[in-house]
Amino acid sequence: MQPHAPAARLARGGKSIYGAPLGILMLEARFPRIPGDMGNATTWPFPVLFRVVRGASPERVVLQGAPGLLPDFIAAARDLVDLGAEAITTNCGFLSLFQAELAAAVQVPVATSSLMQVPWVQALLPPGRRVGVVTVSRQSLTPAHLAAAGVPLDIPVQGTEAGREFFRVLIKAEKSDMDIALAEQDILDAGRALVARHPEVGAIVLECTNMPPYAAALQAELGLPVYDIYTLVSWFHGGLRQRRFG
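Calculation criteria
- Residues numbered from 1 in each chain as written.
- Predicted model: local features only at pLDDT ≥ 70, side-chain atom pairs only at ≥ 80, totals over all residues.
- Heavy atoms only, no water.
- Helix = DSSP H or I, 4+ residues; strand = E, 2+ residues; numbered from the N terminus.
- Buried < 20%, exposed > 50% of the residue type's maximum accessible area, 1.4 Å probe, protein only.
- Contact = heavy atoms within 4.5 Å.
- Pairing = 2+ DSSP bridges.
- Axes fitted to C-alpha atoms, helices over the stretch in contact; angles between N-to-C directions.
- Left-handed = near helix turned anticlockwise from the far one by under 90°.
- Nonpolar A, V, L, I, M, F, W, Y, C, P; charged D, E, K, R; others polar.
- Arc of directions from axis to C-beta.
- Disulfide = S-S within 2.5 Å.
- Phe/Tyr/Trp six-rings, centres within 6.5 Å; stacked < 30°, edge-to-face > 60°.
- Core = buried A, V, L, I, M, F, W, Y, C linked by side-chain atoms within 4.5 Å.

Turning to the side chain of serine 96, a few remarks are in order. Tracing the sequence through the fold places serine 96 in the loop between strand E3 (87-90) and helix H3 (99-106). On the accessibility criterion, serine 96 (1% relative accessible area) is buried. Setting aside its immediate chain neighbours within four residues, serine 96 contacts Thr112, Ser113, His145, Ala148 and Ala149.

Counted residue by residue, strand E1 (residues 22-26) has five buried out of five residues, so it is predominantly covered. Residues Leu22, Ile24 and Met26 point to one face of E1 and Gly23 and Leu25 to the other, with burial holding for every one of them. Note that E1 and strand E2 (residues 48-52) share five bridges and pair parallel. Looking across to E2, one finds that leucine 22 is bridged to valine 48. Where E1 lies against E3, four bridges are found, and the strand directions are parallel. Residue glycine 23 lies in a different strand from E3, and its bridge partner there is isoleucine 88.

At a closest axis distance of 10 Å, the pairing of helix H7 (residues 180-197) and helix H8 (residues 215-222) adopts a crossing angle of 40°. Of the two possible hands of crossing, H7 and H8 adopt the one that is right-handed. Between H7 and H8, the contacting residues are Glu184, Ile187, Leu188, Gly191, Arg192 and Val195 on the first element and Ala217, Leu218, Glu221 and Leu222 on the second. Tallied by class, the residues present in the contact of H7 with H8 amount to six nonpolar, one polar and three charged.

Another point: H8. Since the α-helix turns once every 3.6 residues, residues separated by three or four places project in the same direction. Three or more residues of H8 are buried, namely Ala215, Leu218 and Leu222. The arc that holds every buried residue of H8, seen down its axis, measures 60°, which confines them to one face. Among the exposed residues of H8, those pointing more than 90 degrees away from its buried face are Ala216 and Ala220. Looking at the buried residues of H8, the elements they touch are H7, strand E7 (201-206) and strand E8 (226-227). A positive backbone phi angle near 70° is found at glycine 223, which sits one or two residues after H8.

For valine 81, the position within the fold is in helix H2 (residues 70-83). Beyond its immediate stretch of four places on either side in the chain, valine 81 contacts Ile88, Val106 and Val108.

Following the criterion strictly, the structure yields zero disulfides and no others. Left unpaired, cysteine 92 is separated from the closest cysteine sulfur, that of cysteine 208, by 6.9 Å.

What follows concerns H3. Along H3, the residues that are buried comprise Gln99, Leu102, Ala105 and Val106. Taken down its axis, H3 places every buried residue within 140° of arc, on the same side. Turned more than 90 degrees from where H3 packs its buried face, Ala100 and Ala104 sit exposed. Buried residues in H3 make contact with E1, H2, strand E4 (110-111) and helix H5 (143-148).

As enumerated under the stated definition, the model contains six aromatic pairs in all. When the centroid spacing of 5.9 Å and the interplanar angle of 25° are considered together, the rings of tryptophan 44 and phenylalanine 46 count as stacked. The same class applies to tryptophan 44 and to phenylalanine 46, which are both buried. Taken together, the ring pairs in this structure connect Trp44, Phe46 and Tyr230 into an aromatic cluster.

Ordered in space as E2-E1-E3-E4, the four strands form an open sheet in which the pairing is parallel. Two strands close off the open sheet at either side, each with one partner strand: E2 and E4. Contacts between H2 and the sheet are confined to E1, E2 and E3, with E2 contributing the most and set at about 150° to the helix. The sheet strands contacting helix H9 (residues 229-240) are E1, E3 and E4, and the helix crosses E3 at an angle near 175°.

Side chains that are nonpolar tend, in soluble globular proteins, to be buried together. Leu25, Val61, Phe73, Val136, Phe166 and Ile204 are the most contacted members of the largest nonpolar core, which totals 81 residues. The residues contacting phenylalanine 73, other than those within four sequence positions of it, are Leu25, Leu27, Val53, Ala56, Leu95, Phe98 and Leu102.

The following block contains the structure:
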């Protein structure tokens, strides 16, 4: 008898980069991206692909509503998919405005904003408890942003505009360095103000993708579950690369 031929092993091509199924669309900014920030590659326990969208400054996207930027985000997302991304996310919660258009343009799963977690978290809470949102800019978070992410328009929201560091550095670009302790205090102050005004809040979703470095401190301060872009992307990536058992 002839020995059995070894089974064929076929490696499939079609991509430029392999092993990094998640693509992240980045705003164009120069503030420090500390570990935990979405734009710090060490934040992620898996490889990701980054693409900066030129001209998409935090001020233009957050404070001005990202006028005229949709074609640039679509082009950047398509580039990431062409490179090898199997799903797309973004590093600004205010880009929920582009959720439907981006998903239609790239034909892969898209999660533009951590705000998309709000309906899931609300479903976990007991009767009488609500999700609250901490955002970088309360005044800029419009009903259109909320509706695009499936968020109730009457959700309790608190911003960081009145803080001493976080808003000034990330959105207004008043300086290139950041006092991390002051930035954390801004997040804690916003969280405390939120639950003081809305004691029915039973969990918090952080809109801003630069807030995860402070999520643990906020959770410890308030004694409430806290969700952010890290929790969303970890879930998102889990579906792209399922763990094998056995």
